[in-house]
Amino acid sequence: MWNPRPFTPRDNSSDNNSRDNDSRDNAPQGEGESRAPHREGFSYGRRPTRYGQGFGDDRPRFGGNDRPHFRDDRGGFGNGDRRPRADNVARALGDAESTPQEAVGGLREVEELLTKEPGRVHRVLFQHQSGNPRLYTLQKLAKKNHIHVQQVDGRVLDSYARPNGGIVALCNEKSLLTWDEVKQEFFDAQEKNERKLVAVATNIEDPRNLGACIRSSLALGVDILLMPSKGMCGITPTVARASAGALDKLRLCRPDNLEAVIGELKLAGYQILGLDAMTQTGLADYEFGERVVLAVGGEDVGLPPFIRKQCTAVLRIPMKPEAQSYNASVALSLGLYEINRKRFS
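Residues numbered from 1 in each chain as written. Predicted model: local features only at pLDDT ≥ 70, side-chain atom pairs only at ≥ 80, totals over all residues. Heavy atoms only, no water.

**What about the overall build of the protein chain?**
Scanning the protein chain from N- to C-terminus turns up 10 helices and 10 strands. Burial statistics for the protein chain: of 345 residues in total, 37% are counted as buried. Pairs at least 24 residues apart make up 77% of the contacts formed inside the protein chain by residues separated by at least 6 positions. (Helix = DSSP H or I, 4+ residues; strand = E, 2+ residues; numbered from the N terminus. Buried < 20%, exposed > 50% of the residue type's maximum accessible area, 1.4 Å probe, protein only. Contact = heavy atoms within 4.5 Å.)

What follows is the structure in structure tokens.
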């Protein structure tokens, strides 16, 4: 019968002491006291190799004139510059869909627009850190008219208009009305027993989508289309083309405070209705009044909270779950159609 030998721990103290002494004796002068003791199976002097290549002292070192030189003969925009300057960038106008907004540059020109036709201005671009006090005055004028302003680099301004004096106004294809110009007509509708249909489009950034909203609104009897001063695309040439001529026939209004206007219409007896998938009330089951405000939001964000909280009802359009959401212009068209169907049936 085999009897295993009993395990006795080995005393390595003498070996370790001798090994440490050898390490100190072999260490370079001045390093004997700080050098860590050698361990079996691990080396402090070099990094372990990986995939057959060393990572420590075997790596190539570059210094002084040994730094590698990269090619400078690649095709660029002149003198080895690999990025195009603003002067070398041309806006692609061959595609009709890429036609830009009308841009007006210059201190006097923009000041005249902000003073006489603020509804025609979609956004004003100012040169960042220009230090010109006249630009600051024009910025205050734009904000007074609730026009979105933006600080940009001078090269961005040059890409829109040149010379520009540090300021460029991006213009709508059509001047938008202010609420003060039309509000009395809608407030008096209840006393005159008139039908009114108001559409509200918010958070729509696709110009084709906005153009389709304008086209459907005109076809389905909308009296006016309200839009916020921020968070919307401008009335660009693409919007005009997508509207198929409806832009010239439908009234568009950009109130200074859309939330306050919706509150005023609610006090005037209007039904404030929103379209959203996250509700239980169906569009086909709702009884519409004589004066209706129908609001639709962008596909990504839906109805803004400031509109939802004022809604008389939020209505759902039937939809298969796989579709997830309707296009904003399609949702608005379906809602307007249902209102007209029940009014004239």
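Right, picking up where we left off after that structure.
**Considering the pairing of strand S4 (residues 167-171)**
The element S4 is extensively covered by neighbouring structure, given that five of its five residues are classed as buried. Where burial is concerned, the two faces of S4 agree: the one with Ile 167, Ala 169 and Cys 171 and the one with Val 168 and Leu 170 are both buried. With four bridges connecting them, strand S1 (residues 102-105) and S4 associate as antiparallel partners. When the bridges of S4 are listed, Val 104 appears paired with Ala 169. As paired elements, strand S2 (residues 121-127) and S4 share five bridges and run antiparallel to each other. Directly across from Val 121, in S4, lies its bridge partner Cys 171. (Pairing = 2+ DSSP bridges.)

**Details of unusual backbone geometry**
Put simply, Arg 162 and Pro 163 share a cis peptide bond, and its omega is -5°. Within the secondary structure layout, Pro 163 lies in the loop between helix H4 (154-160) and S4. The backbone of Ala 244 sits at a positive phi, close to 55°, despite the residue not being glycine. Along the polypeptide, Ala 244 turns up in the loop between helix H7 (237-243) and strand S7 (252-253).

**Regarding the sheet that holds strand S3 (residues 148-152)**
Spatially, four strands are ordered S1-S4-S2-S3 in an open sheet, and the strand pairing comes out mixed. The open sheet is flanked by S1 and S3, the only strands paired with a single partner. Averaged over all pairs of adjacent strands, the angle between strand axes in this sheet comes to 25°, irrespective of strand direction. (Axes fitted to C-alpha atoms, helices over the stretch in contact; angles between N-to-C directions.)

**Points about the confidence of the model for the protein chain**
Summary statistics for the protein chain give a mean pLDDT of 78 and a share of 71% for residues scoring 70 or more. The least confident element of the protein chain is helix H1 (residues 13-26), whose mean pLDDT is 47; the most confident is strand S6 (residues 224-226), at 97. This stretch, residues 13-65, has a pLDDT under 50; its non-local contacts, to residues over four places away or in other chains, come to 22 contacts. Segment residues 67-98: pLDDT under 50, and 24 contacts once partners within four positions in sequence are set aside and those in other chains are kept. (pLDDT = per-residue confidence, 0-100.)

**Observations regarding the packing of aromatic side chains**
Throughout the structure, instances matching the rule amount to three aromatic pairs. Residues Trp 179 and Phe 187 carry aromatic rings whose centres are separated by 6.0 Å and whose planes lie at 80° to one another, so their mutual orientation is edge-to-face. Phe 187 sits in the partly exposed class, given a relative accessible area of 24%. Relative to Phe 288, the ring of Tyr 286 has its centre 5.5 Å away and its plane inclined at 65°; by these criteria the two rings are edge-to-face. Owing to a relative accessible area of 16%, Tyr 286 belongs among the buried residues under this scheme. Phe 288 sits in the buried class, given a relative accessible area of 15%. Through a chain of ring-to-ring contacts, three or more aromatic side chains come together here, namely Trp 179, Phe 186 and Phe 187. Cation over ring: Arg 195 sits above Phe 344, and NZ or CZ is 5.4 Å from the ring centre. (Phe/Tyr/Trp six-rings, centres within 6.5 Å; stacked < 30°, edge-to-face > 60°. Lys NZ or Arg CZ within 6 Å of the ring centre and 35° of its normal.)

**Observations concerning helix H2 (residues 107-116)**
Within the span of H2, buried status applies to Leu 107, Val 110, Leu 113 and Leu 114. Down the axis of H2, the buried set is contained in an arc of 135°. They therefore lie on one face. For H2, the exposed residues lying more than 90 degrees away from the buried face are Arg 108, Thr 115 and Lys 116. For H2, the secondary structure elements touched by its buried residues are S1, S2, helix H3 (133-144) and S4. (Arc of directions from axis to C-beta.)

**A closer look at the pairing of strand S5 (residues 196-201)**
Counting buried positions over the six residues of S5 gives six, a clear majority of the element. Residue alternation in S5 divides its side chains into two sets, Lys 196, Val 198 and Val 200 and Leu 197, Ala 199 and Ala 201, and both sets are buried. Inspection of the sheet shows S5 paired to strand S9 (residues 291-296) by six bridges, in the parallel sense. Paired with Val 200 across the two strands is Ala 295, which belongs to S9. Where S5 meets S6, three bridges bridge the pair, whose relative direction is parallel. By the bridge assignment for S6, Ala 199 is matched with Leu 225. Viewed along the sheet, the connection from S5 through helix H6 (residues 207-219) into S6 turns out right-handed. (Right-handed = clockwise from strand over helix to strand, strands pointing away.)

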